[in-house]
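Descriptive analysis of the structure
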Amino acid sequence: VRDAMNEAVQAMETAADATVAAIGAGQAVTNGAEVQAARQGVETSLSALWVASAADLDRLLTNRIAGKYGELTTNMIIAAVLLAIVVGLVLSISNGLTARINRLAGVMDSLKDGQLDVEVPFQTDGHETGRIAGSVDVFRLSLIEAETMRQRAADRDAMSQEERRANLLMMADA
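Residues numbered from 1 in each chain as written. Predicted model: local features only at pLDDT ≥ 70, side-chain atom pairs only at ≥ 80, totals over all residues. Heavy atoms only, no water.

1. A short note on a nonpolar patch on the surface
On the surface, Ile77, Ile78, Val81, Leu82, Ile85, Leu89 and Ile93 cluster together to form a nonpolar patch covering roughly 670 Å² of accessible area. Its location among the elements puts Ile85 in helix 2 (residues 32–112). (Patch = residues over 30% accessible without salt bridge, like charges linked within 9 Å, V, L, I, M, F, W, Y side chains within 5 Å. Areas by Shrake-Rupley, 256 points an atom, 1.4 Å probe, with all protein chains shown as cover. Salt bridge = Lys/Arg side-chain N within 4 Å of Asp/Glu carboxyl O. Helix = DSSP H or I, 4+ residues; strand = E, 2+ residues; numbered from the N terminus.)

2. Quick notes on unusual backbone geometry
Positive phi values are uncommon outside glycine, yet Phe122 reaches one of about 70°. Relative to the elements of secondary structure, Phe122 occurs in the loop between helix 2 and helix 3 (128–173). Judged by relative accessible area, which is 16%, Phe122 ranks as buried. (Buried < 20%, exposed > 50% of the residue type's maximum accessible area, 1.4 Å probe, protein only.)

3. Looking at the nonpolar core
If you look at the biggest cluster of nonpolar residues, it comprises 9 residues: Leu104, Val107, Leu111, Leu116, Val118, Val120, Phe122, Ala133 and Val136. Put simply, the parts of the chain that give this core at least two residues each are helix 2 and helix 3. It is helix 2 that contributes the most residues to this core, 3 residues altogether. Sequence-distant contacts of Phe122, that is, excluding residues within four places in its chain, are made with Arg100, Arg103, Leu104, Thr129, Gly130 and Ala133. (Core = buried A, V, L, I, M, F, W, Y, C linked by side-chain atoms within 4.5 Å. Contact = heavy atoms within 4.5 Å.)

4. Some points on the environment of Phe139
With respect to the element layout, Phe139 can be found in helix 3. Sequence-wise, Phe139 and Ala66 are 73 residues apart; in three dimensions their C-alpha atoms are separated by 67 Å.

5. Considerations on the pattern of salt bridges
If you walk through the whole model with that rule in mind, you get 5 salt bridges. We note a salt bridge from Asp137 to Arg140, for which the minimum N-O separation is 3.0 Å. Taken together, the residues span about one helical turn, with Asp137 and Arg140 both in helix 3 at a distance of 3 residues. One exposure class covers both Asp137 and Arg140, and it is buried.

Structure (structure tokens):
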């Protein structure tokens, strides 16, 4: 297409040069049909160049758009995989933490119900549930100590009542 365009432009330049030379020499212009034909050739070549350029541009844009769609698809797949990984991690951490807290809550319910011989899990963990488990164990030990003190006080009271009864019986016998 470019070669045809160049030939048409060259023919028009040649005809235009001949026309200018004839006018400059004071001669009548006799190559009007040649100039018109050259002009028509340039227009035809220019139109063909326009169509070819538009088709080439359309092809290039189509290829570029297809490439961008491919990149977009790849990016979307990567984002979806990363999102799935993040959701999986969040669910895993959430379930693990919920299970630990539920076990500690079960131990606390047992302590509330008076079962002081339960074992408190997760005390050796180095994170939040380990600290909570340590606090629950301190609470359990405090309940055991309080129960021991109550039992001792009850034993003292029982002994005191026995001693009082024995003293009263002695005084009544005397």
